[in-house]
Amino acid sequence: MFEKSVELNSEDETTMGNLADGYRITGNTAKAQETYGKAISLAYKELRVNPRDADVVGRLALYYAKKGDTQQAAEFVKRARAINPSVANLLFDSAVVKTLGNQLAEAVKDLGLALQKGYSAKDAAEEPEFAPLRSRPDFQALIKRYESKKK
């Protein structure tokens, strides 16, 4: 389905990023790396139109992190948060980047900030990228606290 979406809209960086995620999740590392590269190129094109689009900058951070370039990812997280420091989805993106960079305590901290700003605890609990966090007591307590606030 992601391949078909890209066929229909090959200039959309989000669609390209979703395809890269699909390749990565199914173990097709080479195609994932290539496709993240395409998503990154498309995101840079979007930033030429609006260099202060924090959502695009945040997605760039995710693409770089998923490609394994955690240093570049950290720079884009910092840039996105400088543009819009308190948006829940950028805090969530930061938690994902930090998880992928094996900065687990910092990831839980950023996730906590995202949840404080209204990010869904259910979505956070189900996020595949947070697999390394699931066994941590601080992650479990955080999810439990915010899931119980919704009830």
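First, a word on what this report is: a plain description of the structure on this page.

Definitions and cut-offs
Residues numbered from 1 in each chain as written. Predicted model: local features only at pLDDT ≥ 70, side-chain atom pairs only at ≥ 80, totals over all residues. Heavy atoms only, no water. Salt bridge = Lys/Arg side-chain N within 4 Å of Asp/Glu carboxyl O. Helix = DSSP H or I, 4+ residues; strand = E, 2+ residues; numbered from the N terminus. Buried < 20%, exposed > 50% of the residue type's maximum accessible area, 1.4 Å probe, protein only. Axes fitted to C-alpha atoms, helices over the stretch in contact; angles between N-to-C directions. Parallel < 35°, antiparallel > 145°, perpendicular 65-115°, else oblique. Left-handed = near helix turned anticlockwise from the far one by under 90°. Contact = heavy atoms within 4.5 Å. Nonpolar A, V, L, I, M, F, W, Y, C, P; charged D, E, K, R; others polar. Phe/Tyr/Trp six-rings, centres within 6.5 Å; stacked < 30°, edge-to-face > 60°. Expected span 1.5 Å × (residues − 1). Core = buried A, V, L, I, M, F, W, Y, C linked by side-chain atoms within 4.5 Å. Lys, Arg positive; Asp, Glu negative; His and termini not counted.

Another point: the pattern of salt bridges. Evaluation of the coordinates by the stated rule reveals 9 salt bridges. Put simply, Arg-59 and Glu-13 hold a salt bridge, and the shortest N to O gap is 2.5 Å. Taken together, the positions of Arg-59 in helix H4 (residues 54–67) and Glu-13 in helix H2 (residues 13–25) put the pair 46 residues apart, joining distant regions of the chain. Take Arg-59: its relative accessible area is 23%, and that puts it in the partly exposed class. With a relative accessible area of 0%, Glu-13 lands in the buried category. With a shortest N-O distance of 2.8 Å, Asp-110 and Lys-98 are connected by a salt bridge. Separated by 12 residues along the polypeptide, Asp-110 in helix H7 (residues 104–116) and Lys-98 in helix H6 (residues 88–100) bring together distant segments of the chain. Taking the relative accessible area as the measure of exposure, Asp-110 reaches 3% and is therefore buried. Connected through shared salt-bridge partners, Arg-81, Lys-98 and Asp-110 make up one network.

Turning next to the packing of H2 against H4. Between H2 and H4, the shortest axis-to-axis distance is 11 Å and the interhelical angle comes to 25°. When the axis of H2 is compared with that of H4, the two are roughly parallel. Read as a crossing pair, H2 and H4 show a hand that is left-handed. On the side of H2, the interface is formed by Glu-13, Thr-14, Gly-17, Asp-21 and Arg-24, while H4 contributes Val-56, Arg-59, Tyr-63 and Lys-66. Considered class by class, the residues forming the contact of H2 with H4 number 2 nonpolar, 2 polar and 5 charged.

It is worth spelling out the packing of aromatic side chains at this point. Inspection of every chain in the model, using the stated rule, returns 6 aromatic pairs. With a centroid separation of 4.1 Å and 10° between ring planes, the pair formed by Phe-92 and Tyr-119 is classed as stacked. Taken as a pair, Phe-92 in helix H6 and Tyr-119 in the loop between H7 and helix H8 (121–126) lie far apart in primary sequence, 27 residues in all. Residue Tyr-119 is classed as partly exposed on the basis of its relative accessible area of 22%.

The terminal C-alpha atoms of helix H3 (residues 29–49), which comprises 21 residues, lie 31 Å apart, in line with the 30 Å expected from a rise of 1.5 Å per residue. Looking only at H3, the buried set comprises Ala-32, Thr-35, Tyr-36, Ala-39, Ile-40, Leu-42, Ala-43 and Leu-47. Residues of H3 that are buried in the fold lie against H2, H4 and helix H5 (70–83).

What follows is about the nonpolar core. With 46 residues, the main nonpolar core has Leu-111, Leu-115 and Phe-130 as its most contacted residues. For this core, the secondary-structure elements that each account for two or more residues are H2, H3, H4, H5, H6, H7, H8 and helix H9 (137–150). If you tally residues by element for this core, the top one is H4, at 9 residues. Not counting chain neighbours up to four residues away, the residues in contact with Leu-111 comprise Phe-92, Ala-95, Ala-124, Phe-130, Phe-139, Leu-142 and Ile-143.

Attention now goes to the side chain of Asp-93. With respect to the helices and strands, Asp-93 occurs in helix H6. There is no salt bridge for the buried Asp-93, and the closest opposite charge comes from Arg-59, which lies 7.0 Å off by N-O distance. Beyond its immediate sequence surroundings of up to four residues, Asp-93 is in contact with Gly-58, Arg-59 and Leu-62.

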